[in-house]
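# Structural overview for review
Spelled out from the first residue to the last, the chains are:
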Amino acid sequence: MQLRRHSLDTSNDSDPGMTATSQAQTKQPLRSAALLRRDALSIAQRDDAARAIAARANILDLKPGAVVAGYMPIRSEIDPRPLMQALAARGARLALPAIVAPDQPLMFRAWHVDARLASGPFGTSHPEDDAQDVVPDIVLVPLAAFDRRGHRIG
């Protein structure tokens with residue numbers, strides 16, 4: 001399988017005349033188009049992509065005991081668990097985010113592949129409340145698209 005990479009140019013990102021509202025209006029059609037492309041991928045294509053990413057885990061400079069936080073995929077997001085498991089095999093400690101309250105920062109809690117998860121808002125899953133709070137060294141985040149400078153569009 002060959003994956004096509006899409007880079008979206010949002011050259012106006014650094015335009016001081018652009019307001020947050022105008023940037024959001026510019027990015028929304030790009031984000032929507034990227035989500036449609038992602039949603040069109042089959043489960044097998046997403047699984048292949050997740051494994052291909054995990055196969056490159058060795059390119060990360062990972063210190064023993066580093067905390068790597070990922071997420072549980074929802075909808076058509078790529079599954080970061082194969083990468084997380086590959087990093088755990090290299091000595092990383094794993095974590096998942098937990099939404100603890102509206103308008104509060106995410107908490108990151110230690111996670112093991114076989115640990116039970118609790119249901120969270122927005123269709124998320126996270127470690128149980130008694131899991132250890134941790135501070136991640138690396139955070140893997142889902143995204144729909146990015147611009148040529150690597151800025152996340154959505």
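Residues numbered from 1 in each chain as written. Predicted model: local features only at pLDDT ≥ 70, side-chain atom pairs only at ≥ 80, totals over all residues. Heavy atoms only, no water.

## A few points about the nonpolar core
For the record, the criterion: Grouping buried Ala, Val, Leu, Ile, Met, Phe, Trp, Tyr and Cys residues that are joined through side-chain atoms within 4.5 Å yields what is termed a nonpolar core. When accessible area is computed with a 1.4 Å probe and restricted to protein chains, residues below 20% of their type maximum are described as buried, those above 50% as exposed, and intermediate ones as partly exposed. The numbering of helices and of strands both runs from the N terminus, where a helix is a DSSP run of H or I of at least 4 residues and a strand a run of E of at least 2.
One finds Leu-62, Val-68, Leu-83, Met-84, Leu-87 and Trp-111 to be the most contacted residues of the largest nonpolar core, which totals 14 residues. Those elements that provide at least two residues to this core are α3 (81-89) and β2 (93-98). Broken down by element, the residue count for this core peaks at three residues, all from α3.

## Let's talk about the environment of Gln-85
Relative to the assigned elements, Gln-85 resides in helix α3. What makes Gln-85 partly exposed here is its relative accessible area of 37%. Between the alpha carbons of Gln-85 and Ala-54 there is a distance of 8.2 Å; along the sequence they are 31 residues apart.

## Section: α3
Put simply, the test is: As used here, the arc belongs to the directions running from the helix axis to the C-beta atoms. Any two residues whose heavy atoms approach within 4.5 Å are treated as being in contact.
The set of residues buried in α3 consists of Leu-83, Met-84 and Leu-87. Taken down its axis, α3 places every buried residue within 100 degrees of arc, on the same side. On its buried side, α3 packs onto α2 (43-54), β1 (67-69), β2 and β3 (107-111).

## What to know about the pattern of salt bridges
Opposite charge on two side chains makes pairing possible when the charged atoms of those side chains draw close. Let me state the cut-off plainly: We define a salt bridge as a contact between a side-chain nitrogen of Lys or Arg and a carboxyl oxygen of Asp or Glu at a distance within 4 Å.
One pass over the full model with this rule turns up five salt bridges. Among the ionic pairs, Glu-128 bridges to Arg-116, the shortest N-O distance being 3.2 Å. With Glu-128 in the loop between β5 (125-127) and β6 (138-139) and Arg-116 in the loop between β3 and β4 (117-119), this pair connects stretches of sequence that are twelve residues apart. Through salt bridges with shared partners, one network takes in Arg-109, Asp-129 and Asp-133.

## Notes on a nonpolar patch on the surface
To keep it simple, the criterion reads: Candidate patch residues must exceed 30% relative accessible area and have no salt bridge, after which like charges are joined if within 9 Å and Val, Leu, Ile, Met, Phe, Trp or Tyr side chains if within 5 Å. For accessible areas, the Shrake-Rupley method is used with a probe of radius 1.4 Å. Any residue's cover is judged against the shown protein chains and nothing else.
On the surface, a nonpolar cluster with roughly 310 Å² of combined accessible area is contributed by Ile-99, Leu-106 and Phe-122. Among the secondary structure elements, Phe-122 is positioned in the loop between β4 and β5. A relative accessible area of 69% places Phe-122 in the exposed class.

## Things to note about the sheet that holds β2
In plain terms, the rule: Following DSSP output, two strands are said to pair if at least two bridges run between them. Axis lines are fitted to C-alpha atoms, over the contacting stretch for helices. Their N-to-C directions set the angle, which ranges from 0 to 180 degrees.
Taken in spatial order, the four strands make up an open sheet running β3-β2-β1-β6, and their pairing is mixed. Looking at the sheet topology across the chains shown, the edges are occupied by β3 and β6. In this structure, β1 lies alongside β6, joined through two bridges in parallel fashion. Bridging across to β6, Ala-69 finds its partner in Val-139. Contacting β1, β2 and β3, α3 crosses the sheet at an angle of about 145 degrees to β2.

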